[in-house]
Each structure stands twice: as structure tokens, then as C-alpha cells.
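Survey of secondary and tertiary structure
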Amino acid sequence: MRRAPSWPRHAIMVVVSCLMLVPFYWVLKTSLTGENIYAYPPHIVPVDPHLFHYVDVWYLIPFPRYLLNSVIVTTMAICGNLLFNTVAGYALTKQFPGRRWVVLLFLSCMLIPFQATIIPAYLITSWLGVLNTYLGVALPLLSTIICIFIFKASFEAVPKSLIDAARVDGLSEWRIVVRIMLPLSKAAIATNVVLTFIWSWNAFLWPLIVIRTSEMQTLPLGLARFLSVMEDTTGALFAFVVMVLVPGLTIFLMAQKEFIRGLTSGATKG
Amino acid sequence: MSWRRILTHRFVVVPLAVALLAAGWNIYIRFNDDGLIEGEVRDRTGAPVSGATVVFFERNFVYYQEKQRTMTDAHGTYRFDGMQVHVGQLEARTEDGRHSERRQLRLWFRAQNAEVAPLIVDAPRG
Amino acid sequence: MTSWYQRKRTRELALVACFLAPALSIFFLYRLLPLGWNVLLSFQSWSPLKAATWIGVDHYEEMLLDDDVFWDALTNTLIFIGCSPIAIALALAIALLVNSDLRGAAIYRTIVFLSYPLMTVAVGIIWRWLYDERGGFFNYVMRSSGVIDQPVKFLQSFDWALPCVIAADFWQVLGFYMIILLTGLQSIPQHLYEAARVDGVPAGARFWRITLPLLRPSIFLCIVVGILNSFTSFDLVYVMTNGGPGHATELLITYIYKAGFGQSRFDYAAALTVVQFLLLVVLTMLANKLSGGNAGSLER
């Protein structure tokens, strides 16, 4: 059987990869260049490159503050997800009356995109009195249906004999989850953490609605605010963009496999 | 999972490396953030100029304003202390109306100690 | 014995209830309740300082008959969704290229997917800059290759703004489509291809007769993602054009935001949301029908 040579496919993929990487390069170049960013024609390679735009971002905009807010919200979301999704996933592995309805409820909730709920969600949050707080931002992100099902599938794969043995040894349900189920579900945990991180780190619309004051703003809000104040007149904006993207990209590159598995098992965001 | 494997896992190594770098950088900053900005003022022949006024402008995309001024001593040197800035411009002026260029000063962190290359007073103000 | 068993059973049920309670209450508060409240609110006249009064379908009447912006936003949203098959086709081509035993396929896959997990706000700023008429990449390339003489203000142009936003969205979501399609491709049993090859079926026919029909569930999933994408693209539009120029890039979701939080017309925004949600449901059902039904079932 004669096989087609592989170099045309490589050629196409190299071109596609370059096209996909152009925006990354262009913004990185602009953040480093020492020349006026409006000079025409722009140079492909940065002229007198320096890192001082990054220093400017750190001191002139409250970048550390935005970073802190983002980290707090993301940490809350990750902790909430790990706790609530684990226990909910474990509960779903049990038989109880109304189980079908609960599953159906979760599945139908999954079809409601969060963006379609913003008006009442805002009113509910203000009724709960947590507008403009970390909790208010994190609350809708505290549990993810996809991850509940990922945990459920992972728990169901744990051998029944192991659980029975633990029960004979007199371990409580809670202990069984922590001591036996979770150590055997590392992949599910990693998927959950990575998905939650990426989603809460990037969340924009909801914080935009809930956050009122500038010292509570998270990174995406800070970025949008900086853009609205300065327009794109300074290389510092692009340094800001790079600084915001680096943590997300790092986590993604470290946990690519888990992230992709999470997305393909749930497939829809929201 | 043994401790060795946990410690060499990428989820542990990468955050640890980042934390170490950040800690090291902060220690370095702690020892170099007195905000000392020092330099010399000379004329065109290279002789030190005493009694010249050196003005520090805070210039970035938020402000452009004079922040502080000082005088050169008998050896033509000047010194700013406790400057809580990371970017700015320096200009030297003499009594008789000569002045230097506005020298751009960029620092790596706020209040970094810096040694500025000599400012040359030259053309009369105009 | 029975009572012991019953007690144990009751305790177990209580435990299940406790375990489910947090997740259920979050989804009740932030998914189900808002959905119902939206419908209710859309038939009322209400503002934060005013008691609600029942006004029937007035909001819908205003929207459909008097509101040009609504029609602009609806058209743009439909164009936005309608363009997603182009991205899906591109992603399918890429997926077919990297699926085969190409060396370094994992690297290409990572590069194509790299833009998906990025913060959409940052993506918007990056693309805004690429479209800039002075420092932007596109104007630079087009001017230096002689396609245009004068710089084009892409995002300020009524003709170009929407395609430009859609292109930026393609860039971000292409990798996701590719991953979904790759998963689908990998689940197609190889022996089908072997058999077809033995029977002398040409490559083109193999694609149309085996690959495409078996990929239908994945393609359906891509279409659903494309539909949902018109909601999640709020961030992109907000940063790149904020709906402008005029309302040339206004999507339903940006219009809902503006009506609700810009003009404090929560009731009207709720009516818009209901329409948007119905659109989502109808389009998803349509896509499900076209892809042969039952494709989106998630309980496997």
C-alpha cells in the first residue's frame, strides 16, 4: 500500500500554526518595543526592547491588587468546586428515591447558559447582600455540573469490594470519600481544578455586574478599565495583557491533558 | 506516591520555582530600596558644576509633574533620598540659565537605588 | 433487625440530602430561579424603586415593533451563529490533518488549541490592536503587499466591524472545535476504513460515507458550542467595539447588558433574555434534528 508523503500536511500545519501564533507574537512584540507603538511601518522585531512597560503596569495600575482579588476569587471557586462537586458526585453514586429527578435537574441546568440568567442573578445576589464582595463574585462559580458528573463517573469506577471492606472496618461515609474515593480520583480532581481555574480566572461578565468599586476589581475588569481610560496608546496595555495571560497559559500547558478531558466530557461551557 | 515523586511533579516544581524567584527578588528589593538617586553635573568641558539645581520630574502615563529638586555640592554631585518612584526625568539647571537635557530614568522597582550618568549642562535656556 | 436497617437507611438518605444540598441550592439560585424570574419579569413593569405591575406582553410588543436595536442585535447574533459552520469546517480540516499518524501532531494540536483557554477580554484587546490602523498587523501586511493604499479602520467601519469580531472569535474557538472533532474522529473504529480500502472505495467517498456520518454527534456538539458562543462573546464585543459603530456589532447579550445595567430597564432586559433563550432552545433543537437526533445526550 503506497502512502501519501507527509510533507504537504506538515507544510499546511506549519502555516496554520504560524497564523495562530501571530496574535501572540504581535502583542508580545508591542509590549517589549521601545519605539512609539504608533510608528508606521511597525517593525517586526522590537526596537530597543525593554521590560519597563511591565514595571509600569505593576506600579501605576493597582496590578497587585487586581491580582490579589483574582487569586482570592479563583481560590474560593476551586475550593467550593472541590468540596461541593465531590460530595454531590458521591451522593449520585448512591440509590435513593428521586435520584432520576436530581440527575434530570442537573442536566437541564447544564443547558441554561449562565449568561441567560444575569438579570435575576444580579437581583438575587443583591437580595443576598453580597454585591461587591468576593463571595458574590464566586457564588455562581462554586459548583460545576460537568465536574459533578466527572466525579460521579470516577467514583463509580472504584471497585465496590474496596468500599465494602472499608465499611466493614467501620469507616464513616465521609472518611470513605476522603480516604478511599479521592485518592483514586486524582484525574477527576485535576480536571476539576484546571477547569475551575480557567473559568473563574477568565470570568468577566459576572464580575462586571457584581463589582462596584475599583479596589474589588479582578484582573479582567482591571484590564477593561485600563483600556477604557488609556485606549491603546501605550505599550503598558499590552504588557498588562501578557501579564494577565501568563498564569492561565502556564496552568493550561502544565495540565493540558486534564483540561481537554474535562472539556470533551462536558463539552459545553457554562 | 513517594515524597520524591510528589516533589518532582510539575504541579509542585513550577509553583515552587515561581515562589522562590519571587522571594529572591523581594529580598533583593529589600536591600536596595532606599530611593537614592545620585549623579554628577558637568559642563561641556567636563568640569563639575557646583550649585546647579537638579529637578526630578515624575513622568509616566498618569502624571507629568515636578516631584523634587536638589542642589549640587562643591564636587558637582547631587543626591536624592527616599524617592518613591520607578520612572522619571532629571534635568540640571544653573544660575546663569544653562540647562541639561531631560534624562529619562527607568528603574526596575520602586525606590531602587540608582547611579545616573553625568548630566551635561550646555545650551542656554531658550 | 429491620429497625436497624431502617435507621441506617434513614441516616444514609439524610447524608445524601446533605451532600446534594450545596450544589442543588447553587443551581437552584443561579440557574432555575433566574430562568423563571426572567419570564415573570418580562411580563411586568418593574424597576428597583417601583413596585411591580402586570403589563402583559407590552415589552414584547415594544421589542418586536418599535425597537430597531433589537432587530439589529438579533440579526447580528444570527450572523454570528450562522458563521460558525465556517469555523467548524476549518477545524474539521485541521482535525483530519492532525489525526493521522503525523509526527509532531501533538505540537500542532497544542498550538491550535492554545488560544482557547485565554481570557476573552485579553483576546479582544489583542485583536483590537491587530486591527489598528497604525500599529496593527493587518493594515501593515495589507499596505506593504499593496492590497490597500490607505489604512482601513476595521473596527470603526460599518461593513468590517462584525466580520472582524467574528474572525477574532474564530481564532479563539477554533481549537475547541478541533478538539471536539478529534475526539469524535478517534472514536470511529479503524476497521471500517480498512474494509472500505479493501473494497477499493476512494478516499473522498470514504470521507463522505464513513467519517462524516459517524462524526455527526461531534458536529452537533460543535454547533451547540457555536450557538452558546454568541452568548459568551460578550467579553469580546465589549472590549473590541462595545457594540459599535452604531449598533453594527451589537449582539443580543450586549444589548441585554446595556438595557439592564446601562439603562436600568431590568424588566425589558428580562424580556430580551427570554427571547434569546428561546432562540437558543429552538436552534439547539434544530441542530439536534439535523444531526439525526439524540446526539447531545450526556448520560452515557
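Residues numbered from 1 in each chain as written. Chains lettered and ligands numbered in written order. Predicted model: local features only at pLDDT ≥ 70, side-chain atom pairs only at ≥ 80, totals over all residues. Heavy atoms only, no water.

Observations concerning the overall build of chain B
- On a plain count of helices and strands, chain B comes out with two helices and eight strands.
- When the helices and strands of chain B are placed in sequence order, the string is α-α-β-β-β-β-β-β-β-β.
- Taking 14 Å as the expected radius of gyration for a compact globule of 126 residues, we find that chain B reaches 21 Å, considerably beyond that expectation.
- Reported as C-alpha extents along the three principal axes, the dimensions of chain B are approximately 75 × 30 × 20 Å. (Helix = DSSP H or I, 4+ residues; strand = E, 2+ residues; numbered from the N terminus. Rg over C-alpha atoms; globule rule 2.2 N^0.38 Å.)

Topic: the side chain of H53 of chain A
- Structurally, the position occupied by H53 of chain A is in helix α2 (residues 52-60).
- Setting aside anything within four residues of it in sequence, one finds H53 of chain A in contact with T30, S31, T33, G235, A236 and A239 of chain A. (Contact = heavy atoms within 4.5 Å.)

Some details on a negative patch on the surface
Residue and element names in this part refer to chain C.
- On the surface, a cluster of negative charge is made up of D58, E61, D66, D68 and D72.
- When contributions to the negative patch are tallied by element, the ones reaching two or more residues are α2 (58-66) and α3 (68-82).
- Among the elements that line the negative patch, the one with the most residues is α2, at three residues. (Patch = residues over 30% accessible without salt bridge, like charges linked within 9 Å, V, L, I, M, F, W, Y side chains within 5 Å. Areas by Shrake-Rupley, 256 points an atom, 1.4 Å probe, with all protein chains shown as cover. Salt bridge = Lys/Arg side-chain N within 4 Å of Asp/Glu carboxyl O. Lys, Arg positive; Asp, Glu negative; His and termini not counted. Charge placed at Lys NZ, Arg CZ, Asp CG, Glu CD.)

Remarks on the pairing of strand β4 (residues 77-80) of chain B
Residues and elements named next belong to chain B.
- Along β4, the buried face is formed by Y78 and F80; none of T77 and R79, which line the opposite face, is buried.
- Pairing geometry for strand β1 (residues 37-42) and β4, over four bridges, is antiparallel. Note on β4: the bridge partner recorded for E38 is R79. (Buried < 20%, exposed > 50% of the residue type's maximum accessible area, 1.4 Å probe, protein only. Pairing = 2+ DSSP bridges.)

Structural notes on the interface of chain A and chain B
- Each side of the interface is counted separately: chain A has 16 residues, and chain B has 14 residues.
- Roughly 1500 Å² is buried in total at the junction of chain A and chain B, and carbon and sulfur atoms are behind 73% of that figure.
- Interface area lost by chain A to chain B is led by F52, Y59 and M254 of chain A, which between them contribute 44%.
- Taken together, chain A and chain B are joined by one salt bridge.
- Across the pair D56 of chain A and R106 of chain B runs a salt bridge, and its minimum N-O distance is 3.0 Å.
- Summed over the shared surface of chain A and chain B, the result is four residue pairs in polar contact (both at pLDDT 80 or more).
- If you list the elements that add at least two residues to the side of chain A that touches chain B, you get α2, α12 (219-230) and α13 (235-254) of chain A.
- Here the element with the most residues in the side of chain A that touches chain B is α2 of chain A; it accounts for five residues.
- Partitioned by chemical class, the residues of the side of chain A that touches chain B number 10 nonpolar, three polar and three charged. (Buried area = accessible area lost by both parts, 1.4 Å probe. Polar contact = N/O pair within 3.5 Å; in protein donor to acceptor, adjacent residues only side chain to side chain. Nonpolar A, V, L, I, M, F, W, Y, C, P; charged D, E, K, R; others polar.)

Focus: unusual backbone geometry
Residue and element names in this part refer to chain C.
- If you check the backbone angles, N242 has positive phi at about 50° while not being a glycine.
- Following the sequence through the fold, N242 ends up in the loop between α12 (234-240) and α13 (252-262).
- Non-glycine residue S264 carries a positive phi angle of around 55°.
- Checked against the element boundaries, S264 lands in the loop between α13 and α14 (266-290).
- Under the relative-accessibility criterion, S264 is labelled partly exposed at 40%.

Regarding the packing of aromatic side chains
- Scanning the model with the defined rule gives 49 aromatic pairs over all chains in all.
- An aromatic cluster is present here, built from F24 and W26 of chain A together with W127, Y131, F137, F138, Y140, F154, W160 and W171 of chain C joined pairwise through their rings.
- Its end group placed over the ring of W26 of chain A, K29 of chain A keeps NZ or CZ at 4.1 Å from the ring centre.
- The ring of Y268 of chain C carries the charged tip of R265 of chain C above its face, separated from the ring centre by 4.3 Å. (Phe/Tyr/Trp six-rings, centres within 6.5 Å; stacked < 30°, edge-to-face > 60°. Lys NZ or Arg CZ within 6 Å of the ring centre and 35° of its normal.)

Details of the pattern of salt bridges
All names here are of chain B.
- Applying the stated rule across the entire model yields 12 salt bridges over all chains.
- Between R93 and E91 there is a salt bridge, with the nearest N and O atoms lying 3.0 Å from each other.
- Its salt-bridge partner being E91, residue R102 comes within 2.6 Å of it at the nearest N-O pair. Residue R102 is located in the loop between β5 (87-93) and β6 (103-106), and its partner E91 is located in strand β5; the two are separated by 11 residues in the primary sequence.
- Given a relative accessible area of 36%, R102 falls into the partly exposed group.
- Taking the relative accessible area as the measure of exposure, E91 reaches 3% and is therefore buried.

Concerning the domain arrangement of chain B
- Taken domain by domain, chain B comprises domain 1 (1-31) and domain 2 (37-120).
- Taking the mean C-alpha position of each, domain 1 of chain B and domain 2 of chain B sit 39 Å from one another. (Domains from an automatic or database assignment.)

Focus on the arrangement of the chains
- Take the two pairs of chains in contact: the one carrying the most contacts is chains A and C.
- Taking C-alpha atoms only, the smallest gap left between chain B and chain C, which are not in contact, amounts to 18 Å.

Looking at the packing of helix α1 (residues 7-32) of chain A against helix α5 (residues 105-113) of chain C
- Two elements in contact, α1 of chain A and α5 of chain C, have axes whose closest approach is 9 Å; the angle formed by their N-to-C orientations is 30°. Between α1 of chain A and α5 of chain C, the angle is such that the two are roughly parallel. As for how α1 of chain A packs across α5 of chain C, the hand of that crossing is left-handed. Contact residues: α1 of chain A offers H10, M13, V14, V16, S17, M20 and L21 of chain A, while α5 of chain C offers Y108, I111 and V112 of chain C.
- Of the residues contributing to the contact of α1 of chain A with α5 of chain C, the split by class is eight nonpolar, two polar and no charged. (Axes fitted to C-alpha atoms, helices over the stretch in contact; angles between N-to-C directions. Parallel < 35°, antiparallel > 145°, perpendicular 65-115°, else oblique. Left-handed = near helix turned anticlockwise from the far one by under 90°.)

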